[in-house]
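Spelled out from the first residue to the last, the chains are:
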Amino acid sequence: MSRTKHRPQVSIICGSGLGMLADSLECQDQFSYSDIPGFPQSTVQGHAGRLVFGELKGKSCVCMQGRFHMYEGHSLLKTTFPIRVFKLMGVQTLIVTNAAGSVADHLHPGDIMIIKDHINFPGLVGLNPLHGPNDERFGPRFPAMSGCYNRELRSLAHEISKQLDIAGLVQEGVYAMVGGPNFETIAEARMLHRMGVDAVGMSTVPEVVVASHCGLQVFGLSLITNKVVKSYDDSDCVNHDGVLEVGRLRSQTVQQLVTEVISRMEINNNIDRMSNAV
Ligand SMILES: O=P(O)(O)O[C@H]1O[C@H](CO)[C@@H](O)[C@H]1O
Ligand SMILES: Nc1nc2[nH]cnc2c(=O)[nH]1
């Protein structure tokens, strides 16, 4: 914290191909992850590996240009380490973005899904960033997850999407995290569909669990970059380059939506900052 004048209220995690979300920050201070003690390194194409501080519409923000995934070999504690650093900095809100495949028939590549809930597949089989001794300074042993995607921010985002004339692209749905790094088989895709999953990816959920545990309000967006193949007659095949390409094509729209949500969200300026600890 001594190396930047910014005292962020909002943190943003950029999904695959969505690193440009950091570009609109003004008066930037940038730090490579390799220069930050305790931070892992980004190894995935489309994740630059930089922490960017700056101002957006009068709000002080910190943006992760590159996230950490379980499939890179990091422990879940490591992948979510930045979230607790943000909490200690005084951040109140976490905005998560990701690239995801559509499982629901009504979601198409280029659509934006406001995350209303998630299914934590790794968590259901015991891979949870909160495993191990609970640090009571951050939150309780048994945190509730039933309201972890803030209702007011979701409804604000719908309102904004109407004003930006992109409501036709924006829907709400359930995101499921799988471990990756391989994409789904057809049988897996069909199972996810029957389970009520709308979009699937390999990230985000551990970050949201840790953020919710320590009392951050969370807003999440999935950019639908591909459809998940559910038919043996369908010859489509997903690949990471295609995922990044849709990210590039929709980057400006996602940026506009996120910027307006940040601009209009309420911030409590009397936050008890724990920055002495950082
Ligand atoms: O979730 P983000 O980081 O956006 O990336 C998504 O895109 C990658 C696959 O193309 C996977 O890492 C998946 O999780
Ligand atoms: N698991 C998974 N992750 C993705 N990230 C972007 N697209 C996909 C997908 O189809 N499946």
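Model, not experiment: these values are computed from the prediction.

Draft legend 1. Representation of helix α7 (residues 240-264). End to end, α7 covers 33 Å across 25 residues, agreeing with the expected 36 Å (1.5 Å per residue, within 8%). Along α7, the sharpest change in direction is near 60° and occurs at Arg250. Two or three places before Asp241, at the start of α7, stands the capping residue Asn239, its side-chain oxygen 3.1 Å from that residue's backbone nitrogen.

Draft legend 2. Broad picture of helix α2 (residues 81-89). For α2, the tally of buried residues reaches 7 of 9 residues, placing the bulk of the element in the interior. The set of residues buried in α2 consists of Pro82, Ile83, Arg84, Val85, Phe86, Leu88 and Met89. Elements in contact with the buried residues of α2: β1 (10-13), β3 (50-56), β4 (59-65), α1 (76-79), β5 (93-102) and α6 (205-213). Where α2 terminates, the next one or two residues include Gly90, which has phi positive at roughly 105°.

Draft legend 3. Main features of the layout of surface pockets. Roughly 490 Å³ of internal volume is contained in the largest pocket. Looking at the largest pocket, it is lined by 30 residues, and the ones nearest its centre are Phe183, Met202, Asn226, Val238 and Val243. Those elements that provide at least two residues to the lining of the largest pocket are β5, β8 (199-201), β9 (217-227) and α7. Of the residues forming the lining of the largest pocket, the biggest block, 4 residues, is contributed by β5. Here the lining of the largest pocket is composed, by residue class, of 15 nonpolar, 11 polar and 4 charged.

Calculation notes
Residues numbered from 1 in each chain as written. Chains lettered and ligands numbered in written order. Predicted model: local features only at pLDDT ≥ 70, side-chain atom pairs only at ≥ 80, totals over all residues. Heavy atoms only, no water. Helix = DSSP H or I, 4+ residues; strand = E, 2+ residues; numbered from the N terminus. Expected span 1.5 Å × (residues − 1). Bend = angle between axes of the 7 residues up to and from the residue. Polar contact = N/O pair within 3.5 Å; in protein donor to acceptor, adjacent residues only side chain to side chain. Buried < 20%, exposed > 50% of the residue type's maximum accessible area, 1.4 Å probe, protein only. Contact = heavy atoms within 4.5 Å. 1 Å grid on protein atoms, 1.4 Å probe; cavity = no way out; pocket = protein on both sides within 12 Å on 5 of 7 lines; lining within 4 Å. Points joined across faces, edges and corners; volume = space filled by probe spheres on them. Nonpolar A, V, L, I, M, F, W, Y, C, P; charged D, E, K, R; others polar.

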